[in-house]
Structures are given as structure tokens and as C-alpha cells.
Amino acid sequence: MSQKIRVRFAPSPTGPLHIGGVRTALYNYLFAKKHNGVFCLRIEDTDQARYVAGAEDYIKETLGWLGLVPDEGPGYGGDFGPYRQSERKDIYLKYAQELLKRGKAYYAFDTPEELDARRKMEAERGNHSFKYDAHSRKEMKNSLTLSEEEVQKRISAGEPYVIRLLVPENDTVTFEDLVRGQVTFETSELDDKVLIKADGMPTYHMANIVDDHLMEISHVIRGEEWLPSTGHHVLLYKAFGWGDSIPHFAHLPLILKPNGKGKLSKRDGAKFGIPVFPLDWKGEGEDDHYPGFREYGFLPEAVINFLAFLGWNPGTDEELFSLDQLCQVFSLDKIHKGGARFDYEKARWYNQQYIQRTDDGKLASLVRPIVEAKGFSPDDGFLTKVCGLLKERCQVLPDFWENGFWFFDEVKEYDTDNVKKRWTPELKGHFEKLIARLAEAETFETPELESMVKAFINDNGLKMGQVLPLLRIALAGTMKGPGVFETMEVFGKEETLKRLKKALAAFDDIAEA
Ligand code: GLU
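Below or above, wherever it landed, is the structure these notes cover. As the structure is a prediction and not an experimental result, all values here were calculated from the model. (Residues numbered from 1 in each chain as written. Predicted model: local features only at pLDDT ≥ 70, side-chain atom pairs only at ≥ 80, totals over all residues. Heavy atoms only, no water.)

Enumeration according to the criterion identifies 37 aromatic pairs in this entry. Ring geometry for Tyr 95 and Trp 242: centres 5.7 Å apart, planes at 65°, overall edge-to-face. With Tyr 95 in helix H3 (residues 89-101) and Trp 242 in the loop between helix H7 (230-240) and strand E9 (248-252), this residue pair connects regions lying 147 residues apart in the sequence. Grouping residues by exposure puts Tyr 95 and Trp 242 together as buried. Ring plane angle 55° and centroid distance 6.3 Å describe the contact between Trp 406 and Phe 491, whose orientation is recorded as tilted. One end of the pair, Trp 406, is in the loop between helix H15 (398-404) and helix H16 (416-422); the other, Phe 491, is in helix H20 (residues 484-512), and 85 residues separate them in sequence. Phe 491 shares its class with Trp 406; the two are buried. Taken together through their ring pairs, the aromatic side chains of Phe 376, Phe 382, Trp 401, Phe 405, Trp 406, Phe 407, Phe 408 and Phe 491 make up a single cluster. Above the plane of the ring of Tyr 27 lies Arg 23, whose end atom (NZ or CZ) is 5.6 Å from the centre. Lying over the aromatic face of Phe 109, Arg 154 brings its terminal NZ or CZ to 5.4 Å of the ring centre. (Phe/Tyr/Trp six-rings, centres within 6.5 Å; stacked < 30°, edge-to-face > 60°. Helix = DSSP H or I, 4+ residues; strand = E, 2+ residues; numbered from the N terminus. Buried < 20%, exposed > 50% of the residue type's maximum accessible area, 1.4 Å probe, protein only. Lys NZ or Arg CZ within 6 Å of the ring centre and 35° of its normal.)

In C-alpha cells form, the structure reads like this:
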């Protein structure tokens, strides 16, 4: 590609960033990096009514957590700023004037009440889809129907007006979407979109096109919900005389609910008990609280890998890719057209793969807050070893607690059923001898412990199954968990003996009860 690749992620700060938005950011990032291009963040905050404080910070925190750091954007630098649309109001007004001058846009004075009345009247006549378009504009109050003097008079008198795009009549708009192929709109389907609102702010369409042009965006990669707007966007480029530099478009497939039925929505989080946002979000309202992938205990690498495959794959059987590897292999032509099912089990599988590949010390630092929230503060060395032992079985970070809480607290409950089934009074003497033997052990490491305990079992004419499960219950309270000798090593001699002695007393009581 000889053209300089510049892409943008252009979220509106109207609440927490949906996971679909994160995928859009990811695909933009991957495409930019693959082609040595530039990844911009642009904040589309022209809709004051929908603006939510904290949403921009949330977006930035998400990108930072995932490692998708913008090359340009508000707070990131760049030569094409400002990157917040609310700071570019004058630019849009200037370009709107340009369109008026070129005869591609017009003033419209119809008040919201008048438009409502018209809509009602049309509905009564059976036309439920009234549009301000080539047909109806001739009957409305605008600079196409009013005299120039009248228009000037109204403007000088401070009468509110909007500026609308003059959509050409009986024409077709065609563009090549890099995912969907050729897309065509008849202009008769397209209304005269408002470009500048009565409050002087641009609409999404206006600001988006002016900025993509001024920021020299080469590729617009965004969600499929924007496909219907693209007809207007192409018309706008042409209206400005920028027809030769229209960016390439790639519209990404929808993300579907876990059951494949319909689009994934924020309510599906609570419904399916899954995260649909990257990070925890707490809004103003009581219900406006959504836990994120991070709080569910996902690693950013896993979220990246999972999202990359939600609507794309490299065309091979390989599934595990780091962000750097994805930057190498990503290509727009492998994006799927059909919706991508949000398979939460797959997300957990990815997380498990990345947990297994994460260094034990790093895992310890991630698991520490979970353990501390439960009131324990193990030392680093111990926690690191525990994480190493447990990591194979954990899909999300809270699993470390679920599977290994007994590492941090003394055993409060023993697996009564199994103790009853396995404990016999004769075993008591054997266990006492074993404890004494262990107390003399010089090294307390897995291989030595294993040969020592196994030799003890043999020498005393016992069976593995008589001793090992009970040893495990003595240490952990449960038979589930990592290997018994590994566990002993992690506990060390003192703690192991303490637990075995305590269990011995408890087992008698349980067996008798
Ligand atoms: N502000 C739009 C959004 O919130 C941007 C759409 C686009 O990328 O053009 O998704």
C-alpha cells in the first residue's frame, strides 16, 4: 500500500465502551500497525445531551489496559488536533459555509413543532415515513423556497435554523466496502440530513466527514450499524469536492448474543452472567453498574485474542496470537460478513491459555488483590508458589481463590463424607509415625517428599489410596487441588506438620460423629 495508512477509533463518550467498540478499536489498531500506519483516537462528543462524564477516561483506560495506545489523540499528541470534536466547532461551521457557497447545503427554518405537525399530517394520510428530502423540501421553510432577502432577514433576526445537506435527486451512490463488497444507495432513499443543528453544533455526519478528511484518514473501520449512513457520507465528500480522497470503508460484522439470537446488548451482561464491557463501569443511576472483563478476572492478552477472533480469523487452525503477532497476520479481507457469536466459554478458554503462559510472579501480583479482599496478605514468595501450583486449573483470576482459599487460611471444614469413608482408628498410629518421619526430613521438596511418603506406605503394608487422599484432605480440607507433595513443599515443613496434627484430631471426631 503506497498511501500512508491513517485510521481512527471515534467513540462517542455516552457511557461505558461496549465490547463491540473495543473490537473496533482493536481492528483499527491492528490494521494501522500491520501497515506502519497511524492509529488515532477521536472523541466524538458533539451531542451534548448524550455526553456522560467519565466516559472519555474510561475509553482511555480501556485502551491502556489492552495495550492499544493511540499514536494520536486527546492527551496523546499528534499534528491533526484538537482530537475532541467539541473543541472543533468553528471548523465545522466554516465547512458548512463552504457547502452553502457551493450550493450543496441549505438553511432550513422549520421549527421542531412544524416538523412534528407535518409528520402527523403525513401519518394521517398513511405515509408513516415522512422524510425531509428532494420531494418534501419544496414545501418546507428553507433557503430553497424562501427568497434570499427573507432568508437574510430571518438569520439577522436571530431565528433558529439548521443547515441541511442537499441530496441530489434521482442519483445513485456506490462505494466498495472492503468487507461487504459493492454497496449502492438510491438517493431517493436518503433524506436531507441536518449537518449543523440549531445550537450551532455539527451532527455526527458533518463532524465525522470533515474530521476524517482533515485528519487524512485513509480507512474507516467501524461497526456495521454505520453502513446505512455511509451513503450520506459519500455524498458529503463529493459535495465538498473531496470525491478523489474518499477513505476506504470496512464495516465490521455485528456481535451476537451468546445464544446467537440477535445483537449483543448491554442488558445481556446481567441476563447471561457475562461481562459485555471491558472494565467496571459505575454510572450515576442504581442500575448503571456493569462489571467488566477485567473485574471478572480476565487478562488483557486473552481479551485481545478473543476479540480478534470475533469476526476474523487468520485462515489457519492456529488460535493463540499475541497482540504483536496479530499485528503481523491481521488483514481486512479475512473479516467475516456474518455476525460473530459472543462465545463466553471461548473467552474463558482463551483466558486459561494465557493464565498458563503467565509467569507465576506476575500472576501473584494479579491475584493478590483478590486474596487481600478476603482479608489475607500472604508473602510474595508463598503467593507466587501457590499461583504456580494452581494456574493450570484456573480460567479466570478469582478461580485462584476458589481453588486455593485453603492455602491462605487454616482448614475450617474437612470433606466429611470422604473422611468418614476412609478414616479408620488403625490409621491414626500410622499417621502419627508419618508425622514424626516428616518432622525429621532434611529437605522438604516434592521429589524427596514423594519418595519418603511412598516408602513409608510400602514399609507399613498400606495402600496409596488409604493414605494419600487423607493427606490431601488434612492439608486442604478437600480432595480437589494440586498434587499433595507439591502442596506440602509450598506449605513448608512447619505448616504441613501443623495441618497434619490438627487434622488427625479432627478426623477422629468426624469418624465418630
Ligand atoms: N461516533 C461514532 C460512534 O460512536 C463513530 C462512528 C464512526 O466510526 O464513524 O461509533
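Resuming the write-up.
Right, let's talk about the state of the cysteines for a bit. Using the criterion set out here, one finds zero disulfides in the structure. Distance from the sulfur of Cys 394, which forms no disulfide, to the nearest cysteine sulfur (Cys 387) is 8.1 Å. According to the relative accessible area criterion, Cys 394 is buried, its value standing at 0%. (Disulfide = S-S within 2.5 Å.)

For the rest of this paragraph, the subject is unusual backbone geometry. Note the cis peptide between Gly 81 and Pro 82, where omega equals -5°. With respect to the helices and strands, Pro 82 occurs in the loop between helix H2 (55-66) and H3. Even without glycine at this site, Asn 36 takes up a positive phi of about 50°. Structurally, Asn 36 can be placed in the loop between helix H1 (19-34) and strand E2 (38-41).

Within the secondary structure, Arg 368 is located in helix H13 (residues 360-373). According to the relative accessible area criterion, Arg 368 is buried, its value standing at 16%. Taking C-alpha positions, Arg 368 is 9.9 Å from Phe 400, a pair spaced 32 residues apart along the chain. Those residues in contact with Arg 368 that lie beyond four places of it in its chain are Ser 377, Pro 378, Asp 379, Asp 380 and Leu 383. Among the polar contacts made by the side chain of Arg 368, one reaches the side chain of Asp 380 at a distance of 2.9 Å. (Contact = heavy atoms within 4.5 Å. Polar contact = N/O pair within 3.5 Å; in protein donor to acceptor, adjacent residues only side chain to side chain.)

For the structure on display, the rule yields 38 salt bridges. Two residues, Asp 409 and Lys 412, come together in a salt bridge whose shortest N-O distance is 2.7 Å. Looking at Lys 412, the relative accessible area reads 64%, which means it is exposed. Lys 428 serves as the salt-bridge partner of Asp 508, at 2.8 Å between the closest nitrogen and oxygen. Taken together, the residues Asp 508 in helix H20 and Lys 428 in helix H17 (residues 425-439) connect sequence positions 80 residues apart. Judged by relative accessible area, which is 17%, Asp 508 ranks as buried. Here the residues in one salt-bridge network are Arg 8, Arg 42, Glu 44, Arg 88, Asp 211 and Asp 212, joined through shared partners. (Salt bridge = Lys/Arg side-chain N within 4 Å of Asp/Glu carboxyl O.)

Attention now moves to the sheet that holds strand E4 (residues 162-165). Strand order in this open sheet of three strands is E3-E4-E7, and the pairing throughout is antiparallel. Only two strands of the sheet have a single neighbouring strand rather than two, namely strand E3 (105-108) and strand E7 (194-196). Taken pair by pair, the neighbouring strands of this sheet meet at an average axis angle of 45°, ignoring direction. One ladder, built from four bridges, connects E3 with E4; its direction is antiparallel. The residue bridging Ala 105 from the neighbouring strand is Leu 165, located in E4. (Pairing = 2+ DSSP bridges. Axes fitted to C-alpha atoms, helices over the stretch in contact; angles between N-to-C directions.)

You can see Lys 238 is positioned in helix H7. Using a relative accessible area of 46% as the deciding quantity, one classes Lys 238 as partly exposed. Each C-alpha atom of the pair Lys 238 and Gln 356 lies 53 Å from the other, and the pair is 118 residues apart in sequence. Dropping the residues within four chain positions of it, Lys 238 is found in contact with Gly 243 and Ile 246.

Take the site of the ligand next. Within the structure, the ligand sits among Arg 8, Ala 10, Ser 12, Glu 44, Tyr 204, Asn 208, Arg 222 and Trp 226. Considering the ligand on its own, with 300 Å² of exposed area, one finds that the protein chains cover 84% of that surface. Of the residues contributing to the shell around the ligand, the split by class is three nonpolar, two polar and three charged. (Near = heavy atom within 4 Å. Areas by Shrake-Rupley, 256 points an atom, 1.4 Å probe, with all protein chains shown as cover. Nonpolar A, V, L, I, M, F, W, Y, C, P; charged D, E, K, R; others polar.)

Another aspect to go through is the pairing of strand E5 (residues 172-177). Taking every second residue as pointing to the same face, the buried face of E5 carries Val 173, Phe 175 and Asp 177, while none of Thr 172, Thr 174 and Glu 176 on the other face is buried. Relative to strand E6 (residues 181-186), E5 runs antiparallel, the two being bridged by six bridges. Each bridged residue has a counterpart across the sheet, and for Asp 177 the counterpart in E6 is Gly 181.

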